[in-house]
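The primary structure of each chain is shown beneath.
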Amino acid sequence: MLSIFLKDTYLKLDKEIVIDVEKEFSKLKIKGTALDRLMIEKIEKGEYNDENSFIDRFGYKLRYSDMSTGCKAALCVLNLPDKVIDLAECGYNARDLIIRFCKDGGILIEDNGLTVSTQYGNDIDIKLDNYRFTSIDRLNRYICEERPFNPNMSIGGIAECI
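Residues numbered from 1 in each chain as written. Predicted model: local features only at pLDDT ≥ 70, side-chain atom pairs only at ≥ 80, totals over all residues. Heavy atoms only, no water.

Asks: Describe helix α5 (residues 136-146), naming the residues involved and giving the relevant values.
Replies: Here α5 has its buried residues at I136, R138, L139, N140, Y142, I143 and E146. Tucked into the core, α5 has its buried residues touching β1 (2-6), α4 (92-101), β8 (123-128), β9 (131-135) and β10 (158-160). (Buried < 20%, exposed > 50% of the residue type's maximum accessible area, 1.4 Å probe, protein only. Helix = DSSP H or I, 4+ residues; strand = E, 2+ residues; numbered from the N terminus. Contact = heavy atoms within 4.5 Å.)

This is how it looks when you write it as structure tokens:
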């Protein structure tokens, strides 16, 4: 499952935190998996071309270095599950797509009070603090209304992690 770390708890991490997404992304080879393609399609409004380029929303073939930092961060999350990717330079669209579709790895985000959008669906598999969330609606409620206190476990979409 994807682990979310909020900025107030990141000092407790035992995984490497990737702060420079551009640098880390430059080391990747994009394979064109279904999720790689989905992120390029949804964030860039483009399509995967090959391991060196993508087609942008206007039909131009561009190098991956020309891609938005948000899309680069999403591809890092997908391809580097053993690292925690700092989403400080991501837009909310990229953050929300990562939370919705990435199934492994870790992300570091700011708790800025903005809810995660359900535009792409509500089903997730997320770990935050010591809880597992299966819906974006429940995750939003926890972050905005309950955290740092104990959540109401009688509301569906949350379970304690063992």
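Asks: Tell me what's going on with the sheet that holds strand β6 (residues 84-86), and back it up with residues and numbers.
Replies: Judged by pairing direction, the sheet is mixed, and its 7 strands sit side by side in the order β2-β6-β7-β1-β8-β9-β10 without closing on themselves. Sheet topology places β2 (17-18) and β10 at the edges, where each strand pairs with a single neighbour. The pairing of β9 with β10 spans 3 bridges and is classified as antiparallel. Paired with R132 across the bridge in β10 is A159. (Pairing = 2+ DSSP bridges.)

Asks: Go over the environment of L78 with me, naming the residues and quoting the values.
Replies: By the element assignment, L78 lies in helix α3 (residues 69-79). Look at L78 and you get partly exposed, because its relative accessible area is 21%. C-alpha separation for the pair L78 and G105, spaced 27 residues apart in sequence, amounts to 7.3 Å. If sequence neighbours within four positions are ignored, L78 has contacts with L35, D36, M39 and C102.

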